[in-house]
Amino acid sequence: MTDAGFTPVDIHAPAGGLDARAALRARGLRATEARVLLLDAIRDLDHPTVEALHLATRDRGIALTTVYRTLETLERAGLVWAVHVPGTGRTYHLGTHAPHAHLLCRECGRLEDLEPIPEDALADRGVPDDFEVEHVQLTVIGRCADCRTRGYSANRPA
Ligand SMILES: [Zn+2]
Ligand SMILES: [Zn+2]
């Protein structure tokens, strides 16, 4: 992960990515099953929505209300952050991901990460030096090359 000058939560394990239990402990949170399962699912899935996270954890007995409540706790602790994507809703990232913009095809719904946004670029746009940036939400919306080749379809997402 490129460090663009932000200080994302350092919760990387030495190998194999996030150690959910260590990350929770570092934030003074108990490593409940729901918290560990959701952190693992957010690490493993590509921009999961609440529905995708519910699907990934419900066979372990995690109720939808628990998913919502746990995501709130993880978000407040800075362990995850959410991006609102038009037509898709909130999608989740680990707190270790540097703030980045997204590219969204409004026809097929494909969502891709763009390079992290450098701090200089924010300062150039008037973000004060003493403002602690936690994340940046910018979604570039349009039509991907595949969809442009196919032409407009009648059943694109709203
Ligand atoms: Zn597309
Ligand atoms: Zn992303």
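Residues numbered from 1 in each chain as written. Chains lettered and ligands numbered in written order. Predicted model: local features only at pLDDT ≥ 70, side-chain atom pairs only at ≥ 80, totals over all residues.

Participant: For this particular structure, what's the right way to read the overall build of the protein?
Facilitator: Along its length, the protein carries six helices and five strands. The linear arrangement of helices and strands in the protein, starting from the amino end, is α-α-α-α-β-β-β-β-α-β-α. Here the protein, with 158 residues, has 23% of them falling under the buried criterion. (Helix = DSSP H or I, 4+ residues; strand = E, 2+ residues; numbered from the N terminus. Buried ≥ 20, exposed ≤ 12 C-beta atoms within 10 Å, placed from the backbone.)

Participant: In this structure, what is going on with the sheet that holds strand E3 (residues 100-105)? I would like to understand it.
Facilitator: Pairing between the strands of a sheet comes from backbone hydrogen bonds, and it takes one of two forms, parallel or antiparallel. If you walk across this open sheet you meet the three strands as E4-E3-E5, and the pairing is mixed. On the outer flanks of this sheet lie strand E4 (111-116) and strand E5 (139-142), each paired with one strand and no other. When the angles between neighbouring strand axes are averaged without regard to direction, this sheet yields 20 degrees. Looking at chain direction, E3 and E4 are connected through four bridges and run antiparallel. Across the sheet, the residue bridging to His-102 is Asp-113, located in E4. (Pairing = 2+ DSSP bridges. Axes fitted to C-alpha atoms, helices over the stretch in contact; angles between N-to-C directions.)

Participant: Explain the nonpolar core here, please?
Facilitator: Side chains that are nonpolar tend, in soluble globular proteins, to be buried together. Judged by nonpolar contacts, the single largest core of 21 residues is most densely connected at Leu-38, Leu-39, Ile-42, Leu-71, Leu-74, Val-80 and Tyr-92. Breaking this core down by element, the ones donating at least two residues are helix H1 (20-26), helix H2 (33-44), helix H4 (64-76), strand E1 (80-85) and strand E2 (89-94). No other element matches H2, which puts six residues into this core. Not counting the four nearest positions on each side in its chain, Tyr-92 is found in contact with Ile-42, Pro-48, Leu-53, Leu-71, Val-80 and Ala-82. (Core = buried A, V, L, I, M, F, W, Y, C linked by C-beta atoms within 7 Å. Contact = placed C-beta atoms within 7 Å.)

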